[in-house]
Amino acid sequence: MEKSNIHEQTTSVKDLPQDLFDELRKYIDGLEDRKGSLINILHKAQSLFGFLPREVQLFIARELGIPGSQVFGVVSFYSYFTTKPTGKYTISLCMGTACFVKGADKVKFKLEEKLGVKFGETTPDGLFTLRDVRCVGACGLAPVVLVNEKVYGNVTENDVDRILSDYQE
């Protein structure tokens, strides 16, 4: 990957809260195998900051004594990790085979239509982020939608308004 692509793919935020960095440092310091825990550290960092901007990735690299490119390589490999800010509610639509066959594509179009954004984007009010995922391991409930950690099963396009109304403020 070219260096310019790394900068284009990773959001830079200069004024992140220091207390979150302190909490992340404390978490890292508490690990027995720091260098072998990169993925766990990235999960913790994403739960703290909501995403993994360049500054957080470089902080982790410095704390572990590894190159920033190694951290970015892991972040960019796993679709779970995001380098862009996400909405208060992340709507994940399973696009695995069972969900797709049972109409996930119709749910996808309805979500995009109702929220006015495409998958991978966040609504302008910062409330919702749309993501597609390959499989959530709940094929018996296909199609499956997750809003943060809450699971909705057997979802049709007719359920989209009801699901969104649970979260609209």
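Residues numbered from 1 in each chain as written. Predicted model: local features only at pLDDT ≥ 70, side-chain atom pairs only at ≥ 80, totals over all residues. Heavy atoms only, no water.

### Thoughts on unusual backbone geometry
Piece 1. For the peptide bond that leads from Ala142 to Pro143, omega is -10 degrees, which places it in the cis range.
Piece 2. Backbone geometry at Asn148 places phi at a positive 50 degrees, although glycine is not the residue there.
Piece 3. The residue Asn148 is located in the loop between β3 (145–147) and β4 (150–152) in this model.
Piece 4. Taking the relative accessible area as the measure of exposure, Asn148 reaches 34% and is therefore partly exposed.
Piece 5. The backbone phi angle of Asn154 is positive, close to 50 degrees, even though this residue is not glycine.
Piece 6. The topology assignment puts Asn154 in the loop between β4 and α8 (160–165).
Piece 7. Assessed through its relative accessible area of 44%, Asn154 is described here as partly exposed. (Helix = DSSP H or I, 4+ residues; strand = E, 2+ residues; numbered from the N terminus. Buried < 20%, exposed > 50% of the residue type's maximum accessible area, 1.4 Å probe, protein only.)

### So, the domain arrangement of the protein chain
Piece 1. For the protein chain, the assigned domains are domain 1 (18–77) and domain 2 (89–166).
Piece 2. Inter-centroid distance (C-alpha atoms) of domain 1 to domain 2 is 29 Å. (Domains from an automatic or database assignment.)

### Some thoughts on the packing of aromatic side chains
Piece 1. Scanning all chains against the criterion turns up six aromatic pairs.
Piece 2. Ring plane angle 35 degrees and centroid distance 5.9 Å describe the contact between Tyr89 and Phe128, whose orientation is recorded as tilted. In this pair, Tyr89 is assigned in strand β1 (residues 89–94) and Phe128 in strand β2 (residues 128–133), connecting sequence segments 39 residues apart.
Piece 3. Judged by relative accessible area, which is 15%, Tyr89 ranks as buried.
Piece 4. Judged by its relative accessible area of 2%, Phe128 falls in the buried class. (Phe/Tyr/Trp six-rings, centres within 6.5 Å; stacked < 30°, edge-to-face > 60°.)

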